[in-house]
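Examining the three-dimensional arrangement
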Amino acid sequence: MSLTQAQLAKYMDHTLLKANATAEQIDSTVAEAIKYNTASVCINPYWIPRVSKALAGTGIATCTVIGFPLGANTTDVKVFETNDAIDKGADEIDMVINIGELKGGNDDVVLADIKAVADATHAKGKLLKVIIETALLTDDEKVRASRLTVEGGADFVKTSTGFSTAGATAHDVKLMRETVGPDFGVKAAGGIHSLADAYAMIEAGATRLGVSASVAILEEAAQQ
């Protein structure tokens, strides 16, 4: 496949989630996102006010993470985090499911967790992506998690935090796309380092990419 640099940029959540990210590095990430006009900048909740202010008027969303990276916070905490994040300027919420309860077969708990965060997010007119952490799941569990994401009322299902044992694979993205149908959002994140990686994810069905290597990929795209 072939996309222009501008088209590819709009797939990208330009991401900096490292614990040791400094204010200077956050500002640099924002400047890169503005230069290339990415879909969003994805940062930890502490940085939301700084990033939201810097992105004002650009049309680039401020994205943050909830229950991150383990997903084992209580639902009440995830809902509080979500409301706090949106009140401070977040446009998009990427939450981690309760992975242990999914693997334990307690789908009702997982569904209630997703639904509570979806309700909080949508009550404020914002968008929810649900991270299922595919590296820790069997294919059957990936399908269940994707179905629960749809049933819970989210907007996207997302592969990975980027902080587990592996990131996105084209196989997982294809499986998730087949499960959620043609119109639901699918975000691939983790381990996307090259233009070939990005295209593989999009061809498998991804409509958004979580990428820290956005600049390198987009510069590679410009050379095509």
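Before reading further, recall that the structure is shown in the block above.
These remarks concern the structure in this document. Worth saying up front: this structure is predicted, and the values here are computed from it rather than measured.

The rules behind the values
- Residues numbered from 1 in each chain as written.
- Predicted model: local features only at pLDDT ≥ 70, side-chain atom pairs only at ≥ 80, totals over all residues.
- Heavy atoms only, no water.
- 1 Å grid on protein atoms, 1.4 Å probe; cavity = no way out; pocket = protein on both sides within 12 Å on 5 of 7 lines; lining within 4 Å.
- Points joined across faces, edges and corners; volume = space filled by probe spheres on them.
- Helix = DSSP H or I, 4+ residues; strand = E, 2+ residues; numbered from the N terminus.
- Polar contact = N/O pair within 3.5 Å; in protein donor to acceptor, adjacent residues only side chain to side chain.
- Contact = heavy atoms within 4.5 Å.
- Phe/Tyr/Trp six-rings, centres within 6.5 Å; stacked < 30°, edge-to-face > 60°.
- Buried < 20%, exposed > 50% of the residue type's maximum accessible area, 1.4 Å probe, protein only.
- Pairing = 2+ DSSP bridges.
- Right-handed = clockwise from strand over helix to strand, strands pointing away.

**A few points about the layout of surface pockets**
In this model, the largest pocket occupies a volume close to 480 Å³. Taken together, 24 residues line the largest pocket, and the ones lying closest to its centre are T15, L17, K18, V211 and S212. Among the elements of the structure, β1 (12-16), α2 (23-36), β7 (185-189) and β8 (208-211) are those that each provide at least two residues to the lining of the largest pocket.

**Topic: the side chain of S160**
Tracing the backbone through its elements, the reader meets S160 in the loop between β6 (156-158) and α8 (170-180). Within the structure, S160 has its side chain in polar contact with the side chain of T159 (distance 3.0 Å). Separated by 3.2 Å, the side chain of S160 and the backbone oxygen of A189 make a polar contact. Apart from residues lying up to four places away in sequence, S160 is in contact with I131, E133, T134, A166, G167, A168 and A189.

**A short note on the packing of aromatic side chains**
All told, the structure shown has 2 aromatic pairs when counted by the stated rule. Ring plane angle 80° and centroid distance 5.4 Å describe the contact between F68 and F163, whose orientation is recorded as edge-to-face. Placement of F68 in the loop between β3 (61-66) and α4 (75-87) and of F163 in the loop between β6 and α8 is noted, with a sequence separation of 95 residues between them. Taking relative accessible area as the criterion, F163 reaches 45% and is therefore assigned partly exposed.

**Quick notes on the pairing of strand β4 (residues 92-96)**
In terms of burial, β4 is a largely internal element, 5 of the 5 residues being buried. Neither face of β4 is open: one carries E92, D94 and V96, the other I93 and M95, and all of them are buried. Inspection of the sheet shows β3 paired to β4 by 4 bridges, in the parallel sense. Within the sheet, the bridge partner assigned to I66 lies in β4 and is M95. The β-α-β motif built from β3, the intervening α4 and the parallel element β4 has right-handed crossover chirality. Summarising the sheet, β4 and strand β5 (residues 127-131) pair through 5 bridges and their orientation is parallel. Paired with M95 across the bridge in β5 is V130.

Function cannot be inferred from these measures alone, as they are strictly geometric.
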